[in-house]
Amino acid sequence: MHKIAVIPGDGTGPEVIKEGIKVIDAAAKKFNIKLEYTYFDFGGERYLKTGETLPDSAIAELKKFEAIYLGAIGHPDVKPGILETGILLKARFALDQYINLRPVKLYPGVETPLKDKVPGDIDFVVIRENSGGIYTGIGGATRVGTPDEIATQVMVYDRRTVDRCLRYSFELKKKRNAKNPAYAAKPITLVHKRNVLMHAGDLWYRAFEEMGERDYPEIKRDYNHIDAANMWFVKNPEWYDVIVTENLFGDIITDLGAMIQGGLGVASGGNINPDKGGISMFEPMGGSAPKYTGKNVINPMATIGAGMMMLDTLGESQAAAAIETAMAAAMLKMKSQAAGRMGYSTTEVGDMVAKAI
Ligand code: IPM
Ligand code: MN
């Protein structure tokens, strides 16, 4: 029995979560997996009514579950930043979800803006460190509002935080190498900016080299500066298999990743705490898309993909693989992965994937 906390959230969140659950249930039935869902109403509506985002009591409550399935957070009537930091970042930090896993995979029939690139060319994962860096909020401001205003935001990293992220990344690379010789031929790539960020960049680089050399000598290693990685994502995405990077660089580069794999309609992510008893949270990368709310036109594929990642993380790899196969079959039939242009409605896409399972 897997106990899942479901946070449908705002805007189109509830619509896509419904299709995600439909698909997860189809896979659960086929592979005889028992799941129990508990719904929570955290999001913009609740905040506007109660002033609460994700209170500490909610964190305590969420700790009773194995995983969290999240739709989208973001409300047009709430000032930007409140829900993002109060709900999304709060959950990531409070539950120590230190890995942000973002697969970038182009499926057959899905359109990429990259000319001449085919599915095998775009098939890698980005591991974004999810607990440190500028996101820790360390820094401050003084003389605010005067011509002498000073503000700092510090990219803070300690060796333990870097090492645990690298450990997960090397282990994932080892698994991928064993699964597919095409993956094994490629390196694990560290992305940073060590030509300028000499302190933090040097910590990451040395930790990467030391762990790789000592514990994973059979795995090829490479290093890219973040600006160059942006360029290669567009020009030569086929060079990549596993990329590991710090928090803000990972945030930026995974939006680029989402675009080259066919857009936010198909991009999923997992906020993972891989430690024993860790509670992970799975979400589509896109936002609440308020303008599409209630129209049955939003693409649920990214949320379905997040459900697949959730089952995989819960150890249900067969069910996850079946969902992926069904997703691929459905994407082949869809006209586009963009909202309103799919050739199918939101519910029809969910039905199609569930039926293929
Ligand atoms: C993401 C988002 C969040 C982030 C925002 C909404 C806080 O952009 O999940 O990538 O910056 O991590
Ligand atoms: Mn982002």
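The structure presented is a predicted model; accordingly, all values stated were derived computationally and were not measured.

Participant: An account of the site of ligand 1 is needed here, citing residue identities and associated values.
Facilitator: Surrounding ligand 1, one finds E84, L88, R92, R102, R128, Y135 and D251. In this structure, an oxygen atom belonging to ligand 1 sits 2.7 Å away from a side-chain N or O atom of R92. Y135 is positioned with one of its side-chain polar atoms (N or O) 2.6 Å from an oxygen atom of ligand 1. Relative to its unbound accessible area of 320 Å², ligand 1 is 73% covered by the protein chains. For the shell around ligand 1, the leading source of residues is helix α4 (residues 82–94), giving three residues. When residues are assigned to domains, the shell around ligand 1 turns out to be shared by domain 1 (1–102 + 267–357) and domain 2 (112–261), each giving three or more.

Participant: So what about the sheet that holds strand β9 (residues 221–225)? Which residues, and what values?
Facilitator: Sheet strands pair via backbone hydrogen bonds, and the direction of the pair is either parallel or antiparallel. A sheet is described by the order of its strands in space; here 10 strands give the open sequence β2-β1-β3-β12-β11-β4-β5-β10-β8-β9, paired in mixed fashion. What marks the edges here is a single partner per strand, and that holds for β2 (35–39) and β9. Taken pair by pair, the neighbouring strands of this sheet meet at an average axis angle of 25°, ignoring direction. Alignment of strand β5 (residues 123–129) against strand β10 (residues 242–245), held across four bridges, turns out to be parallel. Opposite R128, over in β10, you have T245 as the bridge partner. Against the sheet, α4 engages β3 (67–72), β4 (99–105), β5, β11 (268–272) and β12 (280–284), with an angle of about 145° to β12.

How each quantity is defined
- Residues numbered from 1 in each chain as written.
- Chains lettered and ligands numbered in written order.
- Predicted model: local features only at pLDDT ≥ 70, side-chain atom pairs only at ≥ 80, totals over all residues.
- Heavy atoms only, no water.
- Near = heavy atom within 4 Å.
- Polar contact = N/O pair within 3.5 Å; in protein donor to acceptor, adjacent residues only side chain to side chain.
- Areas by Shrake-Rupley, 256 points an atom, 1.4 Å probe, with all protein chains shown as cover.
- Helix = DSSP H or I, 4+ residues; strand = E, 2+ residues; numbered from the N terminus.
- Domains from an automatic or database assignment.
- Pairing = 2+ DSSP bridges.
- Axes fitted to C-alpha atoms, helices over the stretch in contact; angles between N-to-C directions.
- Contact = heavy atoms within 4.5 Å.

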